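Descriptive structure summary
For reference, the chains in residue letters:
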Amino acid sequence: MKQRTLAGRPVSAIGLGAMPLSMNNDKQYPSHEEAIATVHAALDAGVTLIDTADCYAPAWDETGVNERIVAEAIRTWSGDGSSIFVATKGGITRSEGEVWGRDGSATYLRQAVVRSLENLGVDTIDLYQYHRPDRWLVYGDVMATLASLQQEGLIRAVGISNASVEEIAIARQVLGDGNLASVQNEFSPKHPGSIDELRYCGEHAIAFLPWSPLGGTGGGAREVGSRFSAFREAGEHHGVSPQQVVLAWELALDPHVIPIPGARRATSITDSAQAADLELSADEVARLSRSVGIAD
């Protein structure tokens, strides 16, 4: 598996998005054994980056379950679990009646980090990402909270998710140049709208982690070839799935891009992992970009 850099550490160029193991659009979840097997398949394929979050759960009273699945899978894997980089997120709340909210307060984030530490079974979280902005709070103040948690040694690196260019710039200013490890935004042929954030991250050596890089759960990823003919045709030319072409295209956009395709079956992540070895020509990359409205 080819490598890229995240928070100063080498990680696999393709990561695993663990969300579909316990939360997805069509509410079809693998058994616990199948979920563990999917993570093991990713690790066996050379994936060393796993993305999770505290709120990825089938119901409000099961929060933390995704982190616990990831922790168990790493613990029971036959390989060296110490080589695996785990990123988690906090700042989204779920309460009785499936009431969703956001809380970026210092009190809440500290509690969320402590719970994630317990769920993951670690003393320090590799990468903790602010999940979605709490619009009632000043963004810079939230970044200062995360910086404090980092200084205390609870988290090694700080990232942000669902952020605009302005918010990325604020995070860089508060955390200090070079101390914002990652930005995790939605990006795919279906949703190319974060191209400005992707390019900004490339300019400032920040890892950009596209979430739902294949188009999302509930059919988006499965249908990418039928919805976007340019990717299907490129896949036919190379003798690979259109999903592999999508991931290879994203990797080719900038050396700081690390896609994290979700999976709930071992076969899905095994196929996705092979995208790291798919070389697209500059002309192919440009053609694929133009097909989804991205100008050179």
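For the structure itself, consult the block above.
The paragraphs below set out a description of the structure included in this document. (Residues numbered from 1 in each chain as written. Predicted model: local features only at pLDDT ≥ 70, side-chain atom pairs only at ≥ 80, totals over all residues. Heavy atoms only, no water.)

On to the overall build of the protein chain, then. For the protein chain, the count of helices and strands is 11 helices and 11 strands. Here the C-alpha radius of gyration of the protein chain, 18 Å, is about what a compact globule of 296 residues would show, namely 19 Å. Dimensions of the protein chain, computed from the C-alpha atoms along their principal axes, are close to 55 × 40 × 40 Å. Expressed as a percentage of its 296 residues, the buried residues of the protein chain come to 56%. The contacts of the protein chain with a sequence gap of at least 6 include a subset with a gap of at least 24, amounting to 73%. In the form shown here, the protein chain has an accessible surface area of approximately 12,500 Å², with 48% of it arising from carbon and sulfur atoms. Both charge centroids of the protein chain, one from 24 positive and one from 38 negative side chains, sit 2 Å from each other. (Helix = DSSP H or I, 4+ residues; strand = E, 2+ residues; numbered from the N terminus. Rg over C-alpha atoms; globule rule 2.2 N^0.38 Å. Buried < 20%, exposed > 50% of the residue type's maximum accessible area, 1.4 Å probe, protein only. Contact = heavy atoms within 4.5 Å. Areas by Shrake-Rupley, 256 points an atom, 1.4 Å probe, with all protein chains shown as cover. Lys, Arg positive; Asp, Glu negative; His and termini not counted. Charge placed at Lys NZ, Arg CZ, Asp CG, Glu CD.)

We now examine the packing of aromatic side chains. When we look at a pair of aromatic rings, we describe it by the centre distance and by the angle of the planes. A complete count under the given rule lists four aromatic pairs for this structure. Pairing Tyr130 with Tyr139 gives two aromatic rings, centres 5.8 Å apart and planes at 55°, and the pair type is tilted. Taking the relative accessible area as the measure of exposure, Tyr139 reaches 9% and is therefore buried. An angle of 75° between the planes, with centres 5.3 Å apart, marks the rings of Phe231 and Trp249 as edge-to-face. With a gap of 18 residues between them, Phe231 in helix 8 (residues 229-238) and Trp249 in helix 9 (residues 242-253) connect regions that are remote in the sequence. Each member of the aromatic cluster is reached from another via a ring pair, and the members are Phe187, Phe208, Phe231 and Trp249. (Phe/Tyr/Trp six-rings, centres within 6.5 Å; stacked < 30°, edge-to-face > 60°.)

Think of a ball as big as a water molecule: rolled over the atoms, this probe shows where empty space is left. The space that makes up the largest pocket amounts to roughly 980 Å³. Lining of the largest pocket is provided by 48 residues; of these, Met19, Pro20, Ser212, Gly216 and Thr217 occupy positions nearest its centre. Of all the secondary-structure elements, those providing two or more residues to the lining of the largest pocket are strand 6 (92-95) and helix 10 (266-273). In terms of residues, the lining of the largest pocket owes the most to one element, helix 10, which gives four residues. Taken together, 17 residues form the lining of the second largest pocket, with Ile84, Val86, Leu120, Val122 and Asp126 sitting closest to its centre. Counting only elements with at least two residues in the lining of the second largest pocket, the list comes to helix 2 (65-76) and strand 8 (125-130). A per-element tally of the lining of the second largest pocket places helix 2 first, with four residues. (1 Å grid on protein atoms, 1.4 Å probe; cavity = no way out; pocket = protein on both sides within 12 Å on 5 of 7 lines; lining within 4 Å. Points joined across faces, edges and corners; volume = space filled by probe spheres on them.)

Of all hydrophobic cores here, the largest spans 76 residues; its most connected members are Ile50, Ile160, Ile168 and Trp249. When sequence neighbours within four positions are dropped, the list of residues in contact with Ile50 reads Leu16, Ala18, Val39, Leu43, Val70, Ile74, Ile84, Phe85, Val86 and Ala87. Val11, Leu49, Ala157 and Ala207 belong to the second largest nonpolar core, which has 12 residues in total. (Core = buried A, V, L, I, M, F, W, Y, C linked by side-chain atoms within 4.5 Å.)

Under the definition given, this model contains 10 salt bridges. One salt bridge connects Asp26 with Arg264, and the closest N-O pair in it is separated by 3.0 Å. In this pair, Asp26 sits in the loop between strand 3 (16-17) and helix 1 (32-44) while Arg264 sits in the loop between helix 9 and helix 10, placing the two residues 238 residues apart along the sequence. Notably, a salt bridge pairs Arg94 with Glu98, separated by 2.9 Å at the nearest N-O pair. (Salt bridge = Lys/Arg side-chain N within 4 Å of Asp/Glu carboxyl O.)

Here we come to the sheet that holds strand 5 (residues 85-90). Sheet strands line up and pair through hydrogen bonds in the backbone, either parallel or antiparallel. Taken in spatial order, the seven strands line up as 3-4-5-8-9-10-11 in an open sheet, and their pairing is parallel. The open sheet has two edge strands, strand 3 and strand 11 (207-208), and neither has a second partner. Bridge count for strand 3 against strand 4 (residues 49-51) is two bridges, and the pairing is parallel. In the sheet register, Gly17 faces strand 4, and the bridge partner there is Asp51. (Pairing = 2+ DSSP bridges.)

It is worth stressing that arrangement in space is one thing and function is another; only the former is reported here.
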